[in-house]
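Here's the letter readout for the chains.
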Amino acid sequence: MQKEKKRICPECKGIVKPGHTEMVYKLKDLKITVKNVTANICSKCGQSFITGHVAEEVNRLVNRVREDINSFIKTHPEISKGHKEVAIAV
């Protein structure tokens, strides 16, 4: 049985372990928070590392949500004023 290689944080040299994080996107007057994103987290400094594949999927999700919100706002102009905030758990 092969021993799993320890991953070391490039920021603080702590041990990086699998976990979950959240990603926040601020787009003009819209804030989208994506929670429960699969990531590798440093047990010492808390820095999160996301694979390219996961980042692409989250970006696609955020773009879709932004398009849906903008479409909804066009049909409901009374909502268009002020800051909007959306949270999504994946």
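Summary of the structure given here. The structure displayed is predicted, hence computed values, not measured ones.

Parameters and conventions
- Residues numbered from 1 in each chain as written.
- Predicted model: local features only at pLDDT ≥ 70, side-chain atom pairs only at ≥ 80, totals over all residues.
- Heavy atoms only, no water.
- Helix = DSSP H or I, 4+ residues; strand = E, 2+ residues; numbered from the N terminus.
- Rg over C-alpha atoms; globule rule 2.2 N^0.38 Å.
- Contact = heavy atoms within 4.5 Å.
- Areas by Shrake-Rupley, 256 points an atom, 1.4 Å probe, with all protein chains shown as cover.
- Core = buried A, V, L, I, M, F, W, Y, C linked by side-chain atoms within 4.5 Å.
- Buried < 20%, exposed > 50% of the residue type's maximum accessible area, 1.4 Å probe, protein only.
- Salt bridge = Lys/Arg side-chain N within 4 Å of Asp/Glu carboxyl O.

Right, let's get into the overall build of the protein chain. Scanning the protein chain from terminus to terminus reveals one helix and five strands. Reading the protein chain from its N terminus to its C terminus gives the helix and strand order β-β-β-β-α-β. At 17 Å, the protein chain has a C-alpha radius of gyration far larger than the 12 Å of a compact globule built from 90 residues. Taken along its principal axes, the extent of the C-alpha atoms in the protein chain is 60 × 25 × 15 Å. The long-range share in the protein chain, meaning contacts at least 24 apart out of those at least 6 apart in sequence, stands at 52%. Entry remark: accessible area of the protein chain is about 6800 Å², with carbon and sulfur atoms responsible for 52%.

All right, on to the nonpolar core then. In this structure, Tyr25, Ile32, Val34, Val37, Val58 and Val62 are the most contacted members of the largest nonpolar core, which totals 13 residues. Going through the elements one at a time, β2 (15-27), β3 (30-42) and α1 (52-75) are the ones with two or more residues in this core. Looking at this core, the element that brings in the most residues is α1, giving six residues. Aside from chain neighbours lying at most four places away, what touches Val62 is Tyr25, Leu27, Ile32 and Val34.

What follows covers the side chain of Thr33. With respect to the secondary-structure elements, Thr33 resides in strand β3. On the basis of relative accessible area, Thr33 is assigned to the buried category, the value being 7%. If sequence neighbours within four positions are ignored, Thr33 has contacts with Glu22, Met23, Val24, Val86, Ala87 and Ile88.

This next bit is on the environment of Lys84. With respect to the helices and strands, the residue Lys84 is situated in strand β5 (residues 84-89). Taking C-alpha positions, Lys84 is 27 Å from Phe49, a pair spaced 35 residues apart along the chain.

This part is about the pattern of salt bridges. Summed over the entire model, instances satisfying the criterion amount to three salt bridges. Linking Arg64 and Asp68 is a salt bridge whose minimum nitrogen-to-oxygen distance equals 3.4 Å. Here the residue Arg64 and the residue Asp68 both occupy positions in helix α1, the gap between them amounting to four residues, near one helical turn. Overall, Asp68 belongs to the partly exposed group, its relative accessible area being 43%.

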